[in-house]
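Residue-level structural notes
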Amino acid sequence: MHKILALPGDGIGNEVMNSALDVLDFLKTRNDLSIDISIEPIGGASYDLNGTPISESVLAKAKDSDAVLFGAVGGPKWDSLEWENRPEHALLTLRKELDLFANLRPAFLFDELLNASNIKPDVIKGFDIMIVRELTSGLYFGEPRGINLDQNPPNAFNTMYYDEDQIKRISKIAFELALKRTKKVCSVDKANVLEVSKFWRNVVAEVHSSDFEVCELSNMLADNAAMQLILNPNQFDVVLASNLFGDILSDIAATLTGSIGMLPSASLNDSLKGMYEPCHGSAPDIAGKGIANPIAMILSLAMALRYSLNFDELASQIEVAIKKYITAGFRTKDISIDGKFLTTNETTEKIISFLNE
Ligand code: IPM
Ligand code: MG
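Residues numbered from 1 in each chain as written. Chains lettered and ligands numbered in written order. Predicted model: local features only at pLDDT ≥ 70, side-chain atom pairs only at ≥ 80, totals over all residues. Heavy atoms only, no water.

**Re the overall build of the protein chain**
A count of helices and strands for the protein chain gives twelve helices and twelve strands. By the compact-globule yardstick of 21 Å for 357 residues, the protein chain fits well, its C-alpha radius of gyration being 20 Å. Each principal axis of the C-alpha distribution contributes one length, and for the protein chain these read about 55 × 50 × 40 Å. Total accessible area on the protein chain stands at roughly 15600 Å², and carbon and sulfur atoms take up 51% of it. For the protein chain, the distance from the average position of its 33 positive side-chain charges to the average position of its 49 negative side-chain charges is 4 Å. (Helix = DSSP H or I, 4+ residues; strand = E, 2+ residues; numbered from the N terminus. Rg over C-alpha atoms; globule rule 2.2 N^0.38 Å. Areas by Shrake-Rupley, 256 points an atom, 1.4 Å probe, with all protein chains shown as cover. Lys, Arg positive; Asp, Glu negative; His and termini not counted. Charge placed at Lys NZ, Arg CZ, Asp CG, Glu CD.)

Set out below in structure tokens:
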């Protein structure tokens, strides 16, 4: 019996999670799968209910699940809360507590959506990369950290920390993924300035030369990588980055594809348990209108089935159904160019009907 925990969260997190759960229900019934699904509040929804963005019981349930499906958290309602109570804190708690160090963020463009990108079609055509972001260390978690408002001058500080083991394990993930793709890894850092980046570069090189020499490894400074993603995105395949640089580059990469409403992500630990979430956020501006694009969430479900539940075939079927939806010309509002679009529910129904073919 597999266990899936669904955490819809806030804003459109609820709408897109409903879509993914409809798809999962359909597959469960059709394939007679024994998957136990439970649904719990997270983020602002949890704060409103329990006074905390993530309760102990939800955290315990997450640790006990094979896969966590995460919608999105946050919204203006909770923006003024202190950090411990902010919806985003739930996300970082889950990443740290479940040791989800490997964040896989694929970014790809369907040929049919070439015109949805702001980049010229001949530059972006065929875009298909995998960003591998370290997710449990670096500047996000380094100690010491703090704000000293009572000192003169008032100041604040964070620490960018990586140890050898942390860099090795994320590098291995990047090279292993590269082996299944075009065997190219570009590692991103600021080795021209930061000690932690010089160290990062050396450790990545070590992992490369000891186990993955069949792959081609290049290094790029983070600012240049941001520029190159726009100028010549197709030079990249697997991009390996620390927590902060991966955060920034993955938003750039997602935007190149026209809509971040299309892109899933997986965050995995050593035992391949994982959390799966769309790259988009809670989009308070369109929440509750029924027009959110559920594709990123449904593709995140596909990643969960592939990486944590070992149902590779079902994951591929979902991906094929989504491809059919796009090829048939259906669009949600974010990717429509002629003003015609399907609602979240209509899109989900279409995708399920393609799965049923
Ligand atoms: C992401 C988000 C988060 C991050 C925020 C919401 C804390 O931007 O998953 O990329 O910075 O990691
Ligand atoms: Mg981000």
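**Observations regarding the site of ligand 1**
Taken together, Glu88, Leu91, Arg95, Arg105, Arg133, Tyr140 and Asp247 make up all the residues around ligand 1. Arg95 has a polar side-chain atom sitting 2.7 Å from an oxygen atom of ligand 1. Arg105 places a side-chain nitrogen or oxygen 2.7 Å from an oxygen atom of ligand 1. In isolation ligand 1 exposes 320 Å². Once the protein is present, 72% of that is buried. (Near = heavy atom within 4 Å. Polar contact = N/O pair within 3.5 Å; in protein donor to acceptor, adjacent residues only side chain to side chain.)

**Topic: the packing of helix 10 (residues 295-307) against helix 11 (residues 312-327)**
For the pair helix 10 and helix 11, the least separation of the axes is 7 Å and the interaxial angle reads 160 degrees. Here helix 11 runs roughly antiparallel to helix 10, going by the angle between their axes. You can see that helix 10 and helix 11 cross each other, and the crossing is left-handed. Along its contact with helix 10, which presents Ile295, Ile298, Leu299, Leu301, Ala302, Leu305 and Arg306, the element helix 11 presents Asp312, Leu314, Ala315, Ser316, Ile318, Glu319, Ile322, Tyr325 and Ile326. (Axes fitted to C-alpha atoms, helices over the stretch in contact; angles between N-to-C directions. Parallel < 35°, antiparallel > 145°, perpendicular 65-115°, else oblique. Left-handed = near helix turned anticlockwise from the far one by under 90°. Contact = heavy atoms within 4.5 Å.)

**Topic: the packing of helix 6 (residues 164-179) against helix 7 (residues 195-211)**
In the contact formed by helix 6 and helix 7, the axes pass within 9 Å of each other and the chain directions differ by 50 degrees. As summarised for this structure, helix 6 and helix 7 are arranged oblique, according to the angle between their axes. Considering how the two elements wind past one another, helix 6 and helix 7 form a crossing that is right-handed. Of helix 7, the residues touching helix 6 (which contributes Glu164, Ile167, Lys168, Ile170, Ser171, Lys172 and Phe175) are Phe199, Trp200, Val203, Val204, Glu206, Val207, His208 and Asp211. Tallied by class, the residues present in the contact of helix 6 with helix 7 amount to eight nonpolar, two polar and five charged. (Nonpolar A, V, L, I, M, F, W, Y, C, P; charged D, E, K, R; others polar.)

**Quick word on the domain arrangement of the protein chain**
Looking at the protein chain, the domain boundaries give domain 1 (1-101 + 269-357) and domain 2 (107-264). The straight-line distance from the C-alpha centre of domain 1 to that of domain 2 is 23 Å. Facing 25 residues of domain 1, the contacting portion of domain 2 comprises 21 residues. Carbon and sulfur atoms supply 66% of the area buried between domain 1 and domain 2, which totals about 2200 Å² over both sides. For the domain 1 face of the interface with domain 2, the top three residues by lost area are Arg95, Phe101 and Cys279, together amounting to 28%. At the boundary of domain 1 with domain 2, the tally comes to three salt bridges. In this structure, the salt-bridge partner of Arg169 is Asp270, at a minimum N-O distance of 3.8 Å. (Domains from an automatic or database assignment. Buried area = accessible area lost by both parts, 1.4 Å probe. Salt bridge = Lys/Arg side-chain N within 4 Å of Asp/Glu carboxyl O.)

**Some thoughts on the side chain of Ser19**
Considering the arrangement of structural elements, one finds Ser19 in helix 1 (residues 12-31). Once residues lying within four places of it in the same chain are set aside, the contact partners of Ser19 are Pro294, Ile298, Thr344 and Thr348.

**Notes on the pairing of strand 2 (residues 35-39)**
The two faces of a sheet get side chains in turn, since along a regular strand they alternate between them. Where strand 1 (residues 2-9) and strand 2 come together, five bridges link them in parallel fashion. Bridge pairing in strand 2 places Leu5 opposite Ser38. Following the backbone out of strand 1, through helix 1 and into the adjacent parallel strand 2, one traces a crossover that is right-handed. (Pairing = 2+ DSSP bridges. Right-handed = clockwise from strand over helix to strand, strands pointing away.)

**Brief notes about the sheet that holds strand 9 (residues 216-221)**
Overall, mixed pairing links the ten strands, which are arranged 2-1-3-12-11-4-5-10-8-9 in an open sheet. Only two strands of the sheet have a single neighbouring strand rather than two, namely strand 2 and strand 9. Adjacent strand axes in the sheet meet at a mean angle of 20 degrees, parallel and antiparallel pairs treated alike. Where strand 3 (residues 67-72) meets strand 12 (residues 274-276), three bridges bridge the pair, whose relative direction is parallel. Residue pairing for strand 12: Val68 is matched across the bridge by Met275. Those strands touched by helix 10 are strand 3, strand 4 (102-108), strand 5 (128-134), strand 11 (266-268) and strand 12, and its axis lies near 165 degrees from that of strand 3.

**Observations regarding the nonpolar core**
One finds Leu69, Leu104, Ile129, Val132, Leu305 and Ile318 to be the most contacted residues of the largest nonpolar core, which totals 91 residues. When we break this core down by domain, the ones giving at least three residues each are domain 1 (1-101 + 269-357) and domain 2 (107-264). Apart from residues lying up to four places away in sequence, Ile129 is in contact with Arg105, Pro106, Ala107, Arg181, Leu229, Pro233, Phe236, Asp237, Val239 and Ala253. Residues Ala62, Val68, Leu91 and Leu94 belong to the second largest nonpolar core, which totals 16 residues. (Core = buried A, V, L, I, M, F, W, Y, C linked by side-chain atoms within 4.5 Å. Buried < 20%, exposed > 50% of the residue type's maximum accessible area, 1.4 Å probe, protein only.)

**Notes on the pattern of salt bridges**
For side chains of opposite charge, pairing can occur when their charged atoms come near one another. The final tally for this structure, using the stated rule, is 22 salt bridges. The residue Glu40 makes a salt bridge to Lys61 at a minimum N-O spacing of 2.7 Å. Separated by 21 residues along the polypeptide, Glu40 in the loop between strand 2 and helix 2 (44-50) and Lys61 in helix 3 (residues 56-63) bring together distant segments of the chain. The exposure class assigned to Glu40 is partly exposed, which follows from its relative accessible area of 21%. The exposure class of Lys61 is partly exposed, given its relative accessible area of 33%. A salt bridge links Arg201 to Asp189, with the nearest nitrogen and oxygen atoms 2.8 Å apart. Of this pair, Arg201 sits in helix 7 while Asp189 sits in strand 8 (residues 184-189); the two residues are twelve residues apart in sequence, bridging distant segments of the chain. When its relative accessible area of 26% is taken as the criterion, Arg201 is described as partly exposed. Residues joined by salt bridges that share partners form a network here, namely Asp79, Arg86 and Glu88.

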